[in-house]
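Residues per chain are reported as follows:
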Amino acid sequence: MTPIWKDIYDLLPSFRKETKVLLGNGLMTAFWVDLWFGPDTLADMFPALFSHTLRPNASVARVFSITTLQLSLRPRLTAAAAQELMELSALMAKCRMIPSLLLSGEATLFRSASSSSGCCTGIEEDCFHLFIACPRNRSFWAFIGIDVTSLPASLGTDQLWTESLLLENNPRVCSTVLTCVLWNIWKCRNAKIFRHEDETNLTISRRCSEDLSLWSNRCSSPVDRLKLETWSGFFPVYM
Ligand SMILES: [Zn+2]
């Protein structure tokens, strides 16, 4: 597992009310309501579409049992649900090609990240571009005052964790903050690609701040909690 998702999965049990799910072969994991794809359930990410399913507890294995997603939807989707169906299908497009990767949300997510419809036309959207080199995200890193311009393009996402980008000596806290930033860059990228929305740096920054504040509340270690609260204040929330 690449560290970003490993971290998210490691941190989820203490940060979220939901129980951590062991994926196994996908039979025991609920497609909509379990956490298997990222820090939010698909029911949370696609609420309109979710309200149209007749099988809210369908397993991941069932949904991927044939080539088209088995979502068991009511006929006549609302416009919002139809839009979400497009987004979800795009997000899941690579999953069913590689069933073994259903075992790890991170792998499927990064697979879909490298599909042809990326953030910048004509540029291969690898992890380095997606999180660091993309002009959209360079601007965000600059906005929060973190210098990424000297990072080499050969850097893999996992190596990001070994670069000391943040002045934070607690590795667990450092990794959480970095995860939070990358996660919100990822969300910004999805808003652009799937909803054609351009999020401002302030929007992304505000979300980072809110996420860290939320995560700190659910942190079991008082020291980590305090540090995450401090980091929450690091991200500008108004101009
Ligand atoms: Zn780009």
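Computed from a prediction, not measured in an experiment: that's the story for all the values here.

Calculation notes
- Residues numbered from 1 in each chain as written.
- Predicted model: local features only at pLDDT ≥ 70, side-chain atom pairs only at ≥ 80, totals over all residues.
- Helix = DSSP H or I, 4+ residues; strand = E, 2+ residues; numbered from the N terminus.
- Contact = placed C-beta atoms within 7 Å.
- Core = buried A, V, L, I, M, F, W, Y, C linked by C-beta atoms within 7 Å.
- Buried ≥ 20, exposed ≤ 12 C-beta atoms within 10 Å, placed from the backbone.
- Axes fitted to C-alpha atoms, helices over the stretch in contact; angles between N-to-C directions.
- Left-handed = near helix turned anticlockwise from the far one by under 90°.
- Expected span 1.5 Å × (residues − 1).
- pLDDT = per-residue confidence, 0-100.
- Parallel < 35°, antiparallel > 145°, perpendicular 65-115°, else oblique.
- Nonpolar A, V, L, I, M, F, W, Y, C, P; charged D, E, K, R; others polar.

Chemist: Looking at this structure, I do not really get the environment of leucine 228. What am I missing?
Modeler: One can find leucine 228 in helix 12 (residues 222-234). Ignoring anything within four residues of it in the chain, the contact list for leucine 228 reads Val173, Thr176, Leu212, Trp215, Ser216 and Cys219.

Chemist: For this particular structure, what's the right way to read the nonpolar core?
Modeler: Nonpolar side chains tend to gather and get buried jointly when the protein is soluble and globular. If you look at the biggest cluster of nonpolar residues, it comprises 23 residues, and the most contacted ones within it are Val177, Val181, Ile185 and Leu212. Setting aside residues no more than four positions away along its own chain, leucine 212 makes contact with Val177, Cys180, Leu228, Trp231 and Ser232. If you look at the next biggest cluster of nonpolar residues, it comprises 13 residues, including Trp36, Phe46, Val60 and Val63.

Chemist: Honestly, the packing of helix 10 (residues 171-195) against helix 12 in this entry has me stumped. Any pointers?
Modeler: Running from N to C, helix 10 and helix 12 cross one another at 40°; their axes reach a closest spacing of 10 Å. Two packed elements cross with a definite hand, and for helix 10 against helix 12 that hand is right-handed. Where helix 10 approaches helix 12, its residues Arg172, Val173, Thr176 and Val177 are matched on the opposing element by Asp224, Lys227, Leu228 and Trp231.

Chemist: How should I be thinking about helix 10 in this particular structure?
Modeler: Every α-helix carries 3.6 residues per turn, so stepping three or four residues along brings you back to the same face. The end-to-end C-alpha distance of helix 10 is 35 Å, a good match for the 36 Å that 25 residues give at a rise of 1.5 Å each. Looking one or two residues past helix 10, histidine 196 carries a phi angle of roughly 55°, positive in sign.

Chemist: Whenever I open this one, the confidence of the model for the protein confuses me. Can you help?
Modeler: Detailed reading of the predicted coordinates is not advisable wherever pLDDT falls low. Counting all residues, the mean pLDDT for the protein is 74, and 70% of those residues have values of 70 or more. Element-level pLDDT for the protein is lowest in helix 6 (residues 105-113), with a mean of 38, against a maximum mean of 95 in helix 3 (residues 47-50). This model gives residues 1-5 a pLDDT under 50, and the stretch forms 17 contacts once residues within four places in sequence are excluded. Within the model, pLDDT remains below 50 along residues 8-24, and this stretch shows 26 contacts once partners closer than five positions in the same chain are excluded.

Chemist: Quick question: what am I supposed to make of unusual backbone geometry here?
Modeler: Excluding glycine, a negative phi dihedral is what most residues carry, and trans is how most peptide bonds are arranged. Residues other than glycine seldom take positive phi values, yet serine 72 does so here, at roughly 50°. Counting through the fold element by element, serine 72 comes out in the loop between helix 4 (60-63) and helix 5 (79-92). Backbone geometry at arginine 76 places phi at a positive 60°, although glycine is not the residue there. The topology assignment puts arginine 76 in the loop between helix 4 and helix 5.

Chemist: What is the right way to read the packing of helix 10 against helix 11 (residues 201-217) from this model?
Modeler: Helix-helix packing is described using two parameters, namely the angle between the two axes and the distance between the axes. With their axes 9 Å apart at the nearest point, helix 10 and helix 11 run at an angle of 135° to one another. As the angle between them shows, helix 10 and helix 11 are arranged oblique. Pair helix 10 / helix 11 crosses with right-handed handedness. Contacts from Thr176, Val177, Cys180, Val181, Asn184, Ile185 and Cys188 of helix 10 reach helix 11 at Ile204, Arg207, Cys208, Asp211, Leu212 and Trp215. Its residues assigned to classes, the contact of helix 10 with helix 11 shows nine nonpolar, two polar and two charged.

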